[in-house]
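Understanding the architecture of this molecule
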Amino acid sequence: VEEGKLKFLYTNADSIRGKMNELQSRVNEGGYDVIGIVETWTNVDITDSEVALEGYNMFRADRANGKVGGGVMLYVKEELKTTMVEEVNAAGFQDTIWCLVETLKEKILIGLCYRSPNSTVDNNEKLLKVLESAVNLKVATHVMIMGDFNYPTIDYEGGMVNAGEQTDAHRF
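Residues numbered from 1 in each chain as written. Predicted model: local features only at pLDDT ≥ 70, side-chain atom pairs only at ≥ 80, totals over all residues. Heavy atoms only, no water.

**Describing the layout of surface pockets**
For the record, the criterion: Only protein atoms enter the 1 Å grid used here. Points where a 1.4 Å probe fits but cannot escape make up a cavity, open sets with protein on both sides within 12 Å along at least five of seven lines make up a pocket, and a residue lines them when an atom lies within 4 Å of a point. Grid points are joined across faces, edges and corners, and a volume is the space filled by probe spheres set on the points. All residues other than Ala, Val, Leu, Ile, Met, Phe, Trp, Tyr, Cys, Pro, Asp, Glu, Lys and Arg, Gly among them, are scored as polar; the first ten of these are nonpolar and the last four charged.
As a volume, the largest pocket reaches approximately 180 Å³. Together, Arg-63, Lys-67, Gln-94, Tyr-114, Ser-116, Pro-117, Asn-118, Ser-119, Thr-120 and Asn-123 line the largest pocket. For the lining of the largest pocket, a count of residues per class yields two nonpolar, six polar and two charged.

So this is what it looks like as structure tokens:
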């Protein structure tokens, strides 16, 4: 790890199975410290060894209830001190995982979220609670949030929401 800098990769896999060789090649070429992948489509029938990356610790949250889609994975280089931070998701948001990465100088809370385009109002509320919990948790010097939030009415580059004030997108 270069002093004071972490290199991140984020992607939506649309099913990680069958793409591990490609992912391993990209990781080898890119020298990433942290990798976040949403829509892994993993479940309890897929073993950790099937989706492991050499040189990385893996943290995964599979889609519950046997439903197809969703799922998130974080890979963190083995030489980085990493701890799971489960209390961030006390609200029970459907697809998220959080960990604390410690470098020599800083502690970074890293979160990965996937919000389905068909997310319920209840799940959207849980997402807001998770994000609020993350920024209010006093365990880190920085917070890094990656994910696919599927709010097409939000212009992230322009900082605009093209929806009414009472919508989930606007509240996000």
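Structure shown, so let's carry the discussion forward.
**Topic: the state of the cysteines**
Going by this rule: Whenever a pair of cysteine sulfur atoms sits within 2.5 Å, that pair is classed as a disulfide. Relative accessibility under 20% of the residue-type maximum defines a buried residue, over 50% an exposed one, and the middle range a partly exposed one, all with a 1.4 Å probe and only protein chains included.
If you walk through the whole model with that rule in mind, you get zero disulfides. Take Cys-99: it sits in no disulfide, and the sulfur closest to it among the cysteines is that of Cys-113, at 12 Å. Since its relative accessible area comes to 0%, Cys-99 is described here as buried.

**What to know about the packing of aromatic side chains**
Note the threshold: When the centres of two rings from Phe, Tyr and Trp lie within 6.5 Å, Trp using its six-membered ring, the rings pair. Their planes under 30 degrees apart give stacked, over 60 give edge-to-face, and anything left gives tilted. Secondary structure is summarised from DSSP: a helix means a run of H or I of at least four residues, a strand means a run of E of at least two, and numbering begins at the N terminus for each. By definition here, charges over rings are those cases where NZ of Lys or CZ of Arg is within 6 Å of the ring centre and within 35 degrees of the ring normal.
Per the stated rule, a full pass over the model turns up two aromatic pairs. When the centroid spacing of 4.9 Å and the interplanar angle of 40 degrees are considered together, the rings of Phe-149 and Phe-172 count as tilted. Within this pair, whereas Phe-149 is found in the loop between β8 (142-148) and β9 (154-155), its partner Phe-172 is found in the segment after α3 (168-171), the two being separated by 23 residues in sequence. You can call Phe-149 buried: its relative accessible area is 11%. Overall, the relative accessible area of 29% leaves Phe-172 in the partly exposed class. Plain terms: the ring middles of Tyr-151 and Phe-172 are 5.0 Å apart, the flat faces sit at 35 degrees to each other, and that makes the pair tilted. Of this pair, Tyr-151 sits in the loop between β8 and β9 while Phe-172 sits in the segment after α3, and the two are 21 residues apart along the sequence. With relative accessibility at 7%, the residue Tyr-151 sits in the buried group. Put simply, the rings of Phe-149, Tyr-151 and Phe-172 pair up and form one aromatic cluster. One residue, Lys-7, lies across the ring of Tyr-32, its end atom 5.3 Å from the ring centre. Of note, Arg-115 hangs over the ring of Tyr-151, and the distance from its end group to the ring centre comes to 3.9 Å.

**Description of the sheet that holds strand β1 (residues 8-12)**
To keep it simple, the criterion reads: Two strands pair if DSSP finds at least two bridges between them. Here an angle of 0 to 180 degrees is reported between the N-to-C directions of two axes, which are lines fitted to C-alpha atoms, with helices fitted over the stretch in contact.
The four strands are arranged β1-β2-β4-β3 in an open sheet whose pairing can be described as mixed. Across the chains shown, the open sheet's two edge strands, defined by having one partner strand only, are β1 and β3 (56-61). Taking each pair of neighbouring strands and ignoring which way they run, the sheet shows an average axis angle of 10 degrees. In this sheet, strand β2 (residues 34-38) lies alongside β1 in parallel orientation, the contact comprising five bridges. Of the residues in β2, the one forming a bridge with Asn-12 is Val-38.

**Description of the nonpolar core**
Condition: Only buried residues count toward a nonpolar core, which is a set of Ala, Val, Leu, Ile, Met, Phe, Trp, Tyr and Cys residues joined through side-chain atoms within 4.5 Å. By the convention used here, residues are in contact when the closest approach between their heavy atoms is within 4.5 Å.
Grouped together as the largest cluster of nonpolar side chains are 17 residues, with contacts concentrated most on Val-72, Leu-74, Val-76, Ile-97, Val-101, Ile-110 and Leu-112. Counting only elements with at least two residues in this core, the list comes to β2, β3, β4 (72-77), β6 (96-102) and β7 (107-114). For Ile-110, the residues in contact, after removing those within four places along its chain, are Phe-8, Val-34, Leu-74, Ile-97, Trp-98, Cys-99, Val-101, Met-144 and Met-146.

**Focus on the sheet that holds β8**
Read from one edge to the other, the open sheet built from four strands follows the order β5-β6-β7-β8, with strand pairing classed as mixed. The sheet is open, and its two borders are formed by β5 (81-84) and β8, each paired with just one other strand. Going across the sheet, the axis of each strand differs from the next one's by a mean of 20 degrees, ignoring polarity. Alignment of β6 against β7, held across seven bridges, turns out to be antiparallel.

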